[in-house]
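This is what each chain is made of:
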Amino acid sequence: MENQATKNYVKPIAVALRGLSKHFDGVRAVDDLSIAVEKGKITGIIGPNGSGKSTLINLLSGIIPSDGGVLIISGEKIKKIKPWEIAFYGITRIFQEVRLFNQMTVLDNILVVLTSRAPLKSLFEKHNQFYLNRAEELLKKTDLWEKRNELAINLSYGQRKLLEIARALANSMVDADPDIFLFDEPFAGLFPHMVKIVEEILRELKKHGKTVILIEHNMNLIRELCDYIFVMDSGKLLAEGEPDKVLAEKEVIEAYLGE
Amino acid sequence: MEYLIHLAILFAIYAILGISLNLVVGYAGLLSVTQSAFYGIGAYATAILLTGYGVNFFLSVILGMLVAGVVSFAIGLVLSKFNGDYYALVSFGFNIIVFSIFLNWQELTRGPLGIPGISRPLLEIGNWKLEISSNLHFLILASLFLILVYFISRFIVNSSFGRVLKAIREDEKAIQVFGYRTSLYKSIIFVIGAMMAAIAGSLFASYITFIDPSSFTLNESIFILAIIILGGLANLRGSILGALFLILLPEILRFVGFPDSIAAQMRQVVYGVILVLLMLYRPQGLVGEYKL
């Protein structure tokens, strides 16, 4: 029988790290880090440049291997993970430096992730109306539908960023919809009306019970959007808690101003 | 007329080779310079099976494709560990290895002596037999293979699989995080490309009726690469155009009127100059959709 008390007090965890480390030529980008990210919330990760935020996202998405520590996704312990395996744990991401498929059309950038992950099956797959509708919906949401037949490389910086976000949203697998979204500075370089679009997308994800991990420098956005934040400095955890409380802490202010 | 038919047959063979390599280089972005190895495997399979074992040409095509498929799978496994320039260099190495095998495994290939007396294809359906001995008939056969290869390739590049290939070419890491095991896609397209090249090899062996290792050197691989770069990467029709251009070019230059003593060398020079100019002013080739 389920214990009522535990149910009330233990928060459901989407992703947790235990003692995760990554060194680059002697520099400790992430140093023995342990955090737990609550499910269905928007969790911010802040910290000065070079504090290890992007490295953390890269470790979480399997883009780079860790030097030590354990990753726990939906209760499953993972020591080593390949980049393509992370998607099967329901994680999807955007990159800080936009990484689109440049010499493909805007529409193809979306459709490419809406296909079977089995190579031989994808050979005999044609896109049905269901996928096309979904691509249309996402491109309209990000204001890119008019540009669907242009090559991704010809978009403006902000549009490229929005396309990458749309691509992350499109990543719906046949068997596992992404549950955890890693957003590495999705607002950087966006015009105000684009910022609104992305804000809207993040809120919607939360509404649907998805977990969002957000790296962001704009503290107003952090305050507005995040339920919880982690502050990193030199690869270590400096503080954590609700944004309003944490951002008022003296050490956090110092870490930013001392940059 | 015979001369034109001869050129058309060569064109069909090189168009098949161009398309087969374009799948690998143009769509998947893998700069492979080892296509003549698989071309040679197809040619030797047909030569050995027809002269030594009396196997039907069409069966030899299939067996040649299978051998090329197995060999390319093994080579592809090693190649998949490399990227970019290193990929090209390692593929160079494999071309040289396979060439050395053609040259030195004398019991099988007769080495530099080559294999003469390869027969023309024999079409047998029940009691009905047709030997494709005239060049015109051979041209029809080669064209049918070209059409087949073209449509299979078009099917592949228009499928979801083809779209993932292009994404691998554009940013392999980025497509991996969406759950695609890119090494599988790269292996599969490499094997398909190799099997298509083997078809061209079988046609070549049966058409010329004599083969030796000199037809399957690294130079030949570079020539095939030139076809697709000139015609345009990631465009199947581009490979056909490229083959047409590079097969016809030396023939056209015959009529320019270079003195006989230097004609051959001058053709090489003009051919080189055209490639350099093209790279300078139109790096995407004639109708390419992608630049290296």
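Colleague: Requested: an account of the overall build of chain A, with residues and values cited.
Modeller: Looking only at helices and strands, chain A has 11 helices and 10 strands in total. The C-alpha radius of gyration computed for chain A amounts to 19 Å, which stays within 12% of the reference 18 Å derived for 259 residues, consistent with globular compactness. Along the longest, intermediate and shortest principal axes, the C-alpha atoms of chain A span 50 × 45 × 45 Å. Relative to its 259 residues, chain A shows a buried fraction of 54%. Taking all contacts inside chain A whose residues are at least 6 apart in sequence as the whole, residues at least 24 apart take part in 67%. Summing over all exposed atoms, chain A offers an accessible surface of approximately 12,400 Å²; the carbon and sulfur share of this is 51%. For chain A, the centre of its 34 positive side-chain charges and the centre of its 36 negative side-chain charges are spaced 3 Å apart.

Colleague: Tell me about the overall build of chain B, and name the residues and values.
Modeller: Within chain B one finds 12 helices and 2 strands. In chain B, the succession of helices and strands from N to C terminus is α-α-α-α-α-β-β-α-α-α-α-α-α-α. Taken over the C-alpha trace, chain B has a radius of gyration of 19 Å; the compact-globule value for 292 residues is 19 Å, and the two agree within 12%. Taken along the three principal axes of its C-alpha coordinates, chain B extends 55 × 50 × 35 Å. Within chain B, the proportion of its 292 residues that are buried is 55%. In chain B, of all internal contacts separated by at least 6 residues, the share reaching a separation of at least 24 is 77%. Taken as a whole, chain B presents about 12,500 Å² of accessible surface, with 68% of it coming from carbon and sulfur.

Colleague: If you had to explain the interface of chain B and chain A to someone new, which residues and values would you point to?
Modeller: Many authors give the size of an interface as the accessible area that is lost as the parts come together. Facing the 28 residues of chain B at the interface are 38 residues of chain A. Buried surface at the junction of chain B and chain A, summed over both partners, amounts to about 2,800 Å²; 63% is from carbon and sulfur atoms. Together, R163(B), V177(B) and F178(B) form the three largest contributors to the area buried by chain B at its contact with chain A, with a combined 27%. Seen at the junction of chain B and chain A, the total is 2 salt bridges.

Colleague: Explain helix 2 (residues 53-60) of chain A residue by residue, including any values.
Modeller: Residue and element names in this part refer to chain A. With 7 of 8 residues buried, helix 2 is to be regarded as a mostly interior element. Those residues of helix 2 that fall on the buried side of the exposure criterion are K53, T55, L56, I57, N58, L59 and L60. Phi turns positive, to about 75°, at G62, one or two residues after helix 2.

Colleague: I'd like to hear about the confidence of the model for chain B, residue by residue, with values.
Modeller: Taken residue by residue, chain B gives an average pLDDT of 90. The fraction at 70 or more is 100%. Across the assembled chains, the prediction reports ipTM 0.85 with pTM 0.89.

Colleague: Provide a residue-level description of the packing of helix 10 (residues 218-231) of chain B against helix 11 (residues 236-254) of chain B, including the pertinent values.
Modeller: Residue and element names in this part refer to chain B. Packing of helix 10 against helix 11 brings their axes to within 7 Å, and their N-to-C directions diverge by 120°. One finds that helix 10 runs oblique with respect to helix 11. Of the two possible hands of crossing, helix 10 and helix 11 adopt the one that is right-handed. Each of F223, A226, I227, I228, L230 and G231 in helix 10 lies in contact with helix 11, whose residues at this interface are G238, S239, G242, A243, F245 and L246. Residues that form the contact of helix 10 with helix 11 fall into these classes: 8 nonpolar, 4 polar and no charged.

Colleague: Tell me about the environment of G68(A), and name the residues and values.
Modeller: Residue and element names in this part refer to chain A. As for its placement among the helices and strands, G68 is situated in strand 4 (residues 68-73). Since its relative accessible area comes to 24%, G68 is described here as partly exposed. C-alpha of G68 to C-alpha of D31: the two residues are 37 residues apart in sequence and 9.6 Å apart in space.

Colleague: Can you lay out a nonpolar patch on the surface for me, pointing to particular residues and giving the numbers?
Modeller: Where nonpolar side chains cluster on the molecular surface, the patch consists of V269(B), V273(B), V276(B), L277(B), L280(B) and Y281(B) and spans about 610 Å² of accessible area. On the basis of relative accessible area, L277(B) is assigned to the partly exposed category, the value being 43%.

Colleague: Could you give an account of the packing of aromatic side chains, with specific residues and numbers?
Modeller: Tallied over the entire structure, the rule returns 18 aromatic pairs over all chains. An aromatic cluster is built from Y14(B), Y39(B), Y44(B), F102(B), F204(B), F216(B) and F223(B), whose rings are joined through pairwise contacts. Geometry around F95(A) places R99(A) over its ring, the cationic atom sitting 4.8 Å from the centre. If you follow R167(A) out to its NZ or CZ, it ends over the ring of F101(A), 4.7 Å from the centre.

Colleague: With reference to specific residues and values, describe empty space enclosed by the protein.
Modeller: All names here are of chain B. Summed over all chains, the structure comprises 1 cavity of 30 Å³ or more. Around the largest cavity, the lining residues are L30, G76, L79, S80, Y87, K186, S187 and F190. Listed by contribution, the elements that provide at least two residues to the lining of the largest cavity are helix 3 (57-79) and helix 9 (182-208). Broken down by element, the lining of the largest cavity gets its largest block of residues, 3 residues, from helix 9. The residue makeup of the lining of the largest cavity, split by class, is 4 nonpolar, 3 polar and 1 charged.

Colleague: Help me get a handle on the pattern of salt bridges, residues and values and all.
Modeller: Residue and element names in this part refer to chain A. In total, this model carries 16 salt bridges over all chains according to the counting rule given. In this structure, R99 engages E97 in a salt bridge whose closest nitrogen and oxygen atoms are separated by 3.8 Å. Between K210 and D179 there is a salt bridge whose closest N-O contact spans 3.5 Å. Taken as a pair, K210 in the loop between helix 8 (192-207) and strand 8 (211-215) and D179 in the loop between helix 7 (157-170) and strand 7 (180-184) lie far apart in primary sequence, 31 residues in all. Here the salt bridges do not stand alone but share partners, grouping R28, D31 and K236 into one network.

Colleague: Tell me about the pairing of strand 10 (residues 236-241) of chain A, and name the residues and values.
Modeller: Two faces belong to every sheet, and in a regular strand the side chains alternate between them. Summarising the sheet, strand 9 (residues 228-233) of chain A and strand 10 of chain A pair through 5 bridges and their orientation is antiparallel. In the sheet register, I229(A) faces strand 10 of chain A, and the bridge partner there is G241(A).

Colleague: Tell me about helix 9 of chain B, and name the residues and values.
Modeller: For helix 9 of chain B, with 27 residues, the first-to-last C-alpha span of 39 Å sits near the 39 Å given by 1.5 Å per residue. Two residues or fewer past helix 9 of chain B, T209(B) is found with a positive phi of approximately 65°.

Colleague: Describe the packing of helix 11 of chain B against helix 12 (residues 263-281) of chain B, naming the residues involved and giving the relevant values.
Modeller: Residue and element names in this part refer to chain B. Where helix 11 meets helix 12, the axes come as close as 10 Å, and the angle between the chain directions of the two elements is 135°. On the basis of their axis angle, the class for helix 11 and helix 12 is oblique. Both helix 11 and helix 12 take part in a crossing whose hand is right-handed. Each of F245, L246, L249, P250, L253 and R254 in helix 11 lies in contact with helix 12, whose residues at this interface are R267, V270, Y271 and I274. Of the residues assigned to the contact of helix 11 with helix 12, the class counts are 8 nonpolar, no polar and 2 charged.

Conventions and cut-offs
Residues numbered from 1 in each chain as written. Chains lettered and ligands numbered in written order. Predicted model: local features only at pLDDT ≥ 70, side-chain atom pairs only at ≥ 80, totals over all residues. Heavy atoms only, no water. Helix = DSSP H or I, 4+ residues; strand = E, 2+ residues; numbered from the N terminus. Rg over C-alpha atoms; globule rule 2.2 N^0.38 Å. Buried < 20%, exposed > 50% of the residue type's maximum accessible area, 1.4 Å probe, protein only. Contact = heavy atoms within 4.5 Å. Areas by Shrake-Rupley, 256 points an atom, 1.4 Å probe, with all protein chains shown as cover. Lys, Arg positive; Asp, Glu negative; His and termini not counted. Charge placed at Lys NZ, Arg CZ, Asp CG, Glu CD. Buried area = accessible area lost by both parts, 1.4 Å probe. Salt bridge = Lys/Arg side-chain N within 4 Å of Asp/Glu carboxyl O. pLDDT = per-residue confidence, 0-100. Axes fitted to C-alpha atoms, helices over the stretch in contact; angles between N-to-C directions. Parallel < 35°, antiparallel > 145°, perpendicular 65-115°, else oblique. Left-handed = near helix turned anticlockwise from the far one by under 90°. Nonpolar A, V, L, I, M, F, W, Y, C, P; charged D, E, K, R; others polar. Patch = residues over 30% accessible without salt bridge, like charges linked within 9 Å, V, L, I, M, F, W, Y side chains within 5 Å. Phe/Tyr/Trp six-rings, centres within 6.5 Å; stacked < 30°, edge-to-face > 60°. Lys NZ or Arg CZ within 6 Å of the ring centre and 35° of its normal. 1 Å grid on protein atoms, 1.4 Å probe; cavity = no way out; pocket = protein on both sides within 12 Å on 5 of 7 lines; lining within 4 Å. Points joined across faces, edges and corners; volume = space filled by probe spheres on them. Pairing = 2+ DSSP bridges. Expected span 1.5 Å × (residues − 1).

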